[in-house]
Protein chains: 2
Amino acid sequence: MRPTSILYSLLFLLTNLGAVNSHAQNADPLPSWRAGPAKTAIIEFVTRVSSPASGNFVPPRERIASFDNDGTLWSEQPMYFQLFFAIDRVKALAPQHPEWSSQEPFASLLKGDLKAALAGGEHAILEIVMATHTGMTTDEFEDIVNAWIATATHPQTGRLFTDMVFQPMLELLAYLRANEFKTYIVSGGGIEFMRPWVEKVYGVPPEQVIGSSVKTSYEIAEGKPVLRRQATIDFINDKAGKPVGIQTRIGRRPLAAFGNSDGDLQMLEWTMSGAGPRFALYIHHTDAEREWAYDKSSSVGRLDKGLDAAREGGWTVVDMARDWSQIYPASAR
Amino acid sequence: MRPTSILYSLLFLLTNLGAVNSHAQNADPLPSWRAGPAKTAIIEFVTRVSSPASGNFVPPRERIASFDNDGTLWSEQPMYFQLFFAIDRVKALAPQHPEWSSQEPFASLLKGDLKAALAGGEHAILEIVMATHTGMTTDEFEDIVNAWIATATHPQTGRLFTDMVFQPMLELLAYLRANEFKTYIVSGGGIEFMRPWVEKVYGVPPEQVIGSSVKTSYEIAEGKPVLRRQATIDFINDKAGKPVGIQTRIGRRPLAAFGNSDGDLQMLEWTMSGAGPRFALYIHHTDAEREWAYDKSSSVGRLDKGLDAAREGGWTVVDMARDWSQIYPASAR
């Protein structure tokens, strides 16, 4: 076959594939999103930056989308799911720590009194996290997370935690990737707590996860190099830390950012202050029936200043009860 | 056109493209590499992990290749090129710092006595770097680097610094990417010093650059969010820091790693200690005529323990004088 014949075949094929593709594009890319301003704004923005003729075209390499995780990609009530993990680890490790029976916050936790255990606030949580998330190698921690996430269930819904991800957001992630966006998770949660499962669940590879971290040290253990997790905070990827984390890890400002709480406000501000077309979206948890309803006065995922900023800035706000026809994946148990 | 017709067209086309492609594969992917053990080892490894039938196939998402920069992708003599940048910045900023005329290391530097300026060792270098790399916003720093890299030339070769990249390594980067490797820079140099130009020069996007960094803080300046570079070290991505940086940013162990000094030893060890097929390569600077010749006793890019480890581990060692038919790109001025 001569090169010109190949060229003609290619042109013919592309023309016909084009027809198939345009049919596929007419199918709704966001079936769990009800018609309304949020859905319209998303599709309008993605179409605009992906269309060479729009006047707002952005080359694919600059199409960065950043997503908060807790409350944005999966639920976060009655507490961050990573805290369920930490508590389960305290219980599993208790036999090796007899001193915990008389030492707070562990003593209350082991007696099942979560409220008393967390009465110490952030300091108590930090103690629980450090006792359960450090000391082991990165490989060992990955195994621990994998074992937990495969079986642990939410106390109220009885579902696997990974079945409490938001179906509309799975569709949004896929829609953005189909339009050559690179999707990142930018979460206050632990980076190594997310990496083992987010590729399977969200399609986001480990190198596109940004999160909070502890320091690790490189050691030779029994002749083999390991990275050991140290009981020292390295980076807190929350609030003003989110733009910092984005700059350090990505080095480009996102084109679009998605969050649900005041912890995401600076990420959204940073995104919107870039030149050219930008998109910011807040998810407002308004669905007490199918999920949870909370905002200004919630201790988890508080959305207060962010809601004001969204109103002032004309950002997109999802009203979960109104805008989402489905919350969790139908395939979930 | 019915779907079956499209399918036949596609099959026909793929068959013929296959012929074209196999012709392309027969062309030498590494023309500046002379036939020899290093070139053979590279091609053998890449072919093995990319061939589903080899028994050592690795899925594309796990094909991570990490490259040191100074001395591995471009030259580093008589001192790291970033230091030339820092010195040029001291000269440019001197009018705003009259106190520097009597304050070391700036005073000696401004008199042109580099040796005296650097007599203070690491501390002197740190002072020079902090005085020239911090205080501004990340956007401002990017502009400063872009202006410098576009015009600054090496005092001995008279070339632009970006024309002192290694042609054989440009070919290697392209060859790996053609085989679905994701190529990362993992350098002791400043991450924000590299990002502005490495995409154009090496084809590596900013999100695939790992380097040393200073802390940045998120601020609102004149109503606009900015990230300001602080005079505090955040992370030193050198020696045992390299595996730490790789885990933090990528979260996967590289399949292949490339370096030239003892500063890369832990990255190569970490890479080789993973399960399955792995590849480590050291560049040995042996070409005093076309580049520089140095190893065990060089203060810049010392290669001492690394050379022993490579011998013991059976790693690939490039003898620059013997293995590379060309050092710098022919298109360079």
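Since we're looking at a predicted model, the values are computed, not measured.

Reading the values: rules and limits
Residues numbered from 1 in each chain as written. Chains lettered and ligands numbered in written order. Predicted model: local features only at pLDDT ≥ 70, side-chain atom pairs only at ≥ 80, totals over all residues. Heavy atoms only, no water. Helix = DSSP H or I, 4+ residues; strand = E, 2+ residues; numbered from the N terminus. Rg over C-alpha atoms; globule rule 2.2 N^0.38 Å. Buried < 20%, exposed > 50% of the residue type's maximum accessible area, 1.4 Å probe, protein only. Areas by Shrake-Rupley, 256 points an atom, 1.4 Å probe, with all protein chains shown as cover. Lys, Arg positive; Asp, Glu negative; His and termini not counted. Charge placed at Lys NZ, Arg CZ, Asp CG, Glu CD. Pairing = 2+ DSSP bridges. Axes fitted to C-alpha atoms, helices over the stretch in contact; angles between N-to-C directions. Right-handed = clockwise from strand over helix to strand, strands pointing away. Parallel < 35°, antiparallel > 145°, perpendicular 65-115°, else oblique. Left-handed = near helix turned anticlockwise from the far one by under 90°. Contact = heavy atoms within 4.5 Å. Nonpolar A, V, L, I, M, F, W, Y, C, P; charged D, E, K, R; others polar. Salt bridge = Lys/Arg side-chain N within 4 Å of Asp/Glu carboxyl O. Phe/Tyr/Trp six-rings, centres within 6.5 Å; stacked < 30°, edge-to-face > 60°. Lys NZ or Arg CZ within 6 Å of the ring centre and 35° of its normal. Core = buried A, V, L, I, M, F, W, Y, C linked by side-chain atoms within 4.5 Å. Expected span 1.5 Å × (residues − 1). Arc of directions from axis to C-beta.

Visitor: I'd love a proper account of the overall build of chain A, names of residues and values included.
Guide: The number of helices and strands found in chain A is 13 helices and seven strands. For chain A, whose C-alpha radius of gyration is 22 Å, the value lies close to the compact-globule estimate of 20 Å for 333 residues. The C-alpha extent of chain A, read off along each of the three principal axes, is 75 × 50 × 40 Å. In chain A, which comprises 333 residues, the proportion classed as buried is 54%. Carbon and sulfur atoms provide 54% of the accessible area of chain A, an area that totals close to 14,500 Å². Taking the 32 positively charged and 38 negatively charged side chains of chain A as two groups, their mean positions are separated by 5 Å.

Visitor: Please provide a residue-by-residue account of unusual backbone geometry, values included.
Guide: Backbone phi values are negative for most residues with the exception of glycine, while trans is the configuration of most peptide bonds. Going from Gln77 of chain B to Pro78 of chain B, the amide bond is cis rather than trans, its omega being 0°. Assignment of secondary structure puts Pro78 of chain B in the loop between β1 (64-67) and α3 (81-93). You will see that Glu222 of chain A, though not glycine, has its phi angle at about 50°, which is positive. For Glu222 of chain A, the position within the fold is in the loop between β3 (209-221) and β4 (224-235). For Glu222 of chain A, a relative accessible area of 86% corresponds to the exposed category. With a phi angle near 65°, Glu180 of chain B is a residue other than glycine that sits in the positive phi range. Among the structural elements, Glu180 of chain B can be located in the loop between α8 (167-178) and β2 (182-190).

Visitor: Which residues make up the sheet that holds strand β6 (residues 279-284) of chain B, and what are the values?
Guide: Residue and element names in this part refer to chain B. Taken in spatial order, the seven strands make up an open sheet running β4-β3-β2-β1-β5-β6-β7, and their pairing is mixed. The sheet terminates laterally at β4 (224-235) and β7 (316-319), the two strands that pair on one side only. Averaged over neighbouring strand pairs, the angle between their axes works out to 30° when direction is ignored. As paired elements, strand β5 (residues 256-259) and β6 share four bridges and run parallel to each other. Bridge pairing in β6 places Ala256 opposite Phe279.

Visitor: If you had to explain the pairing of strand β5 (residues 256-259) of chain A to someone new, which residues and values would you point to?
Guide: All names here are of chain A. Alternating residues of β5 divide into Ala256 and Phe258 and Ala257 and Gly259, and every residue in both groups is buried. Bridge count between strand β1 (residues 64-67) and β5: three bridges; the pairing is parallel. Across the sheet, residue Phe67 finds its bridge partner in β5, namely Phe258. Assessed by its sense of winding, the connection that carries the chain from β5 through helix α11 (residues 265-272) to strand β6 (residues 279-284) is right-handed.

Visitor: Go over the packing of helix α7 (residues 138-149) of chain A against helix α9 (residues 191-202) of chain A with me, naming the residues and quoting the values.
Guide: All names here are of chain A. For the pair α7 and α9, the least separation of the axes is 9 Å and the interaxial angle reads 60°. Our classification of the angle between α7 and α9 gives oblique. As α7 runs across α9, the sense of the crossing is right-handed. Residue-level contacts link Phe141, Glu142, Val145, Asn146, Trp148 and Ile149 of α7 to Glu192, Phe193, Pro196 and Trp197 of α9. Tallied by class, the residues present in the contact of α7 with α9 amount to seven nonpolar, one polar and two charged.

Visitor: Outline the sheet that holds β4 of chain A, supporting the account with residue identities and numerical values.
Guide: All names here are of chain A. Taking strand neighbours across the sheet as the criterion, the seven strands line up as β4-β3-β2-β1-β5-β6-β7 in an open arrangement whose pairing is mixed. Whereas interior strands pair on both sides, the edge strands pair on one side only; in this sheet they are β4 and β7 (316-319). With direction set aside, neighbouring strand axes in the sheet form an average angle of 30°. Sheet topology note: the β1/strand β2 (residues 182-190) ladder contains four bridges and is parallel. In the sheet register, Ile64 faces β2, and the bridge partner there is Lys182.

Visitor: Let's hear about the pattern of salt bridges: which residues, and what values?
Guide: The full count for this structure, using the stated rule, is 34 salt bridges over all chains. Across the pair Asp234 of chain A and Lys215 of chain A runs a salt bridge whose closest N-O atoms are separated by 3.4 Å. Within this pair, whereas Asp234 of chain A is found in strand β4, its partner Lys215 of chain A is found in strand β3, the two being separated by 19 residues in sequence. For Lys215 of chain A, a relative accessible area of 39% corresponds to the partly exposed category. Among the ionic pairs, Glu207 of chain B bridges to Arg252 of chain A, the shortest N-O distance being 3.4 Å. Taken together, the positions of Glu207 of chain B in the loop between α9 (191-202) and β3 (209-221) and Arg252 of chain A in the loop between α10 (241-249) and β5 put the pair across two chains. Relative accessible area serves as the criterion here: at 9%, Glu207 of chain B is assigned to the buried category. Taking the relative accessible area as the measure of exposure, Arg252 of chain A reaches 12% and is therefore buried. Here the salt bridges share partners, and the residues they tie into one network are Lys182 and Arg252 of chain A together with Glu199 and Glu207 of chain B.

Visitor: Could you give me a rundown of the packing of aromatic side chains, with the residues and numbers involved?
Guide: If you walk through the whole model with that rule in mind, you get 42 aromatic pairs over all chains. Lying across the ring of Trp270 of chain A, Arg253 of chain A places its NZ or CZ 3.7 Å from the centre.

Visitor: An account of the nonpolar core is requested, with residue identities and associated values reported.
Guide: Formed by 67 residues in total, the largest nonpolar core has its most connected members in Trp33, Met169, Leu172, Tyr202 and Phe258 of chain A. In terms of nonpolar packing, the next biggest core, distinct from the first, is built from 66 residues, Leu83, Ile144, Val165 and Leu255 of chain B among them.

Visitor: Summarise α3 of chain B; cite the residues concerned and give the values.
Guide: All names here are of chain B. Compared with the 18 Å implied by 1.5 Å per residue over 13 residues, the 19 Å span of α3 between its first and last C-alpha is a close match. Burial analysis of α3 places ten of its 13 residues in the buried class, which makes it a mostly covered element. Looking at the buried residues of α3, the elements they touch are α4 (106-110), α5 (114-117), α6 (121-133), α7 (138-149), β2 and α9.

Visitor: Give a description of helix α12 (residues 305-313) of chain B that names residues and reports values.
Guide: Residues and elements named next belong to chain B. Among all positions in α12, only Gly306, Leu307, Ala309 and Ala310 are buried. Looking straight down α12, one finds its buried side chains confined to an arc of 160°; they lie on one side. Those residues of α12 that are exposed and angled more than 90 degrees off the buried face are Lys305, Arg311 and Glu312. Packing partners of the buried residues in α12 comprise α11 (265-272), β6 and β7.

Visitor: Describe the side chain of Glu171 of chain B, listing the residues and the values that go with them.
Guide: Residue and element names in this part refer to chain B. Along the chain, Glu171 falls in helix α8. In this structure, Glu171 is buried with no salt-bridge partner, the nearest side chain bearing the opposite charge being Lys39 at 7.0 Å. Excluding residues that lie within four positions of it along the chain, Glu171 makes contacts with Pro29, Leu30, Pro31, Ser32 and Trp33.

Visitor: Go over the pairing of β6 of chain B with me, naming the residues and quoting the values.
Guide: Residues and elements named next belong to chain B. Among the six residues in β6, six count as buried, and that is most of the element. Two strands pair when backbone bridges link them, and β6 and β7 are joined in this way by four bridges, in the parallel orientation. Residue Ile283 lies in a different strand from β7, and its bridge partner there is Val318. Handedness of the β6-α12-β7 crossover: right-handed.

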